[in-house]
Amino acid sequence: MSQQQNADNISIDDIPVDIDNTQSEDIDPADVPDEIGSITRGLAGEHPPTNPLVILKAARWWYIHGKGGTDPAFRWAIEWVRHLATDTPSDVERFNEFLEYLVTVGFADERHELR
């Protein structure tokens, strides 16, 4: 169960944390692990994931590799988990910021492609 890790690439699960690219704010969709990309696209879709642990896994990745606590993908993931946990309406403005961010990062050319 032990896994070889070097000082530049560590993880606490199967999603690596690239120390050299932490909070770089320059995200290239090709650098996003497949699982995180899939969860992120799911959060933008018509039927977002409902497992908080899965969503928090993506939130953690975006927090570490994106803009930290201000990263729109991180903030939307946390907002969606809050919505699932409390059954209260989610913040539409935060969702719109998330979609715009995904377009800016390069996940899609236009917002409507994400839905």
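Further up the page is the structure itself.
Below you will find a few notes about this structure. No experiment lies behind these values; they were computed from the predicted model shown. (Residues numbered from 1 in each chain as written. Predicted model: local features only at pLDDT ≥ 70, side-chain atom pairs only at ≥ 80, totals over all residues. Heavy atoms only, no water.)

Re the overall build of the protein chain
Okay, step 1: Summing up its helical and strand segments, the protein chain has four helices and two strands in all.
Okay, step 2: When its helices and strands are written in sequence order, the protein chain yields β-β-α-α-α-α.
Okay, step 3: Expressed as a percentage of the 115 residues in the protein chain, the buried residues total 39%.
Okay, step 4: Long-range contacts, defined here as pairs at least 24 residues apart, represent 51% of the contacts in the protein chain between residues at least 6 apart.
Okay, step 5: Approximately 6,900 Å² of the protein chain is accessible, and the part contributed by carbon and sulfur atoms is 49%. (Helix = DSSP H or I, 4+ residues; strand = E, 2+ residues; numbered from the N terminus. Buried < 20%, exposed > 50% of the residue type's maximum accessible area, 1.4 Å probe, protein only. Contact = heavy atoms within 4.5 Å. Areas by Shrake-Rupley, 256 points an atom, 1.4 Å probe, with all protein chains shown as cover.)

Some remarks on the nonpolar core
Okay, step 1: Counting 26 residues, the largest nonpolar core has Ile-27, Val-32, Leu-43, Trp-62, Phe-98, Phe-107 and Leu-114 as the members making the most contacts within it.
Okay, step 2: Looking at this core, the elements that each hand over two or more residues are α1 (34-44), α2 (52-65), α3 (72-86) and α4 (92-105).
Okay, step 3: Not counting chain neighbours up to four residues away, the residues in contact with Leu-43 comprise Pro-48, Pro-49, Ile-55, Trp-76, Ala-77, Trp-80, Phe-95 and Phe-98. (Core = buried A, V, L, I, M, F, W, Y, C linked by side-chain atoms within 4.5 Å.)

Re unusual backbone geometry
Okay, step 1: Positive phi, close to 55°, is recorded for Asp-87, a residue that is not glycine.
Okay, step 2: Looking at the element boundaries, Asp-87 is found in the loop between α3 and α4.
Okay, step 3: Overall, the relative accessible area of 68% leaves Asp-87 in the exposed class.

Comments concerning α2
Okay, step 1: Taking 1.5 Å of rise per residue, 14 residues should cover 20 Å, and α2 covers 20 Å from first to last C-alpha, within 8% of that figure.
Okay, step 2: If you check which residues of α2 are buried, you get Ile-55, Lys-57, Ala-58, Ala-59, Trp-61, Trp-62, Ile-64 and His-65. (Expected span 1.5 Å × (residues − 1).)

Quick look at the packing of α3 against α4
Okay, step 1: Relative orientation of the contacting elements α3 and α4 amounts to 140°, with a least axis distance of 8 Å. Judged on the interaxial angle alone, α4 and α3 are oblique. The hand of the α3/α4 crossing is left-handed. For the pair α3 and α4, the contacting residues are Pro-72, Ala-73, Arg-75, Trp-76 and Glu-79 in the first and Arg-94, Phe-95, Glu-97, Phe-98 and Tyr-101 in the second.
Okay, step 2: Residue classes in the contact of α3 with α4 are distributed as six nonpolar, no polar and four charged. (Axes fitted to C-alpha atoms, helices over the stretch in contact; angles between N-to-C directions. Parallel < 35°, antiparallel > 145°, perpendicular 65-115°, else oblique. Left-handed = near helix turned anticlockwise from the far one by under 90°. Nonpolar A, V, L, I, M, F, W, Y, C, P; charged D, E, K, R; others polar.)

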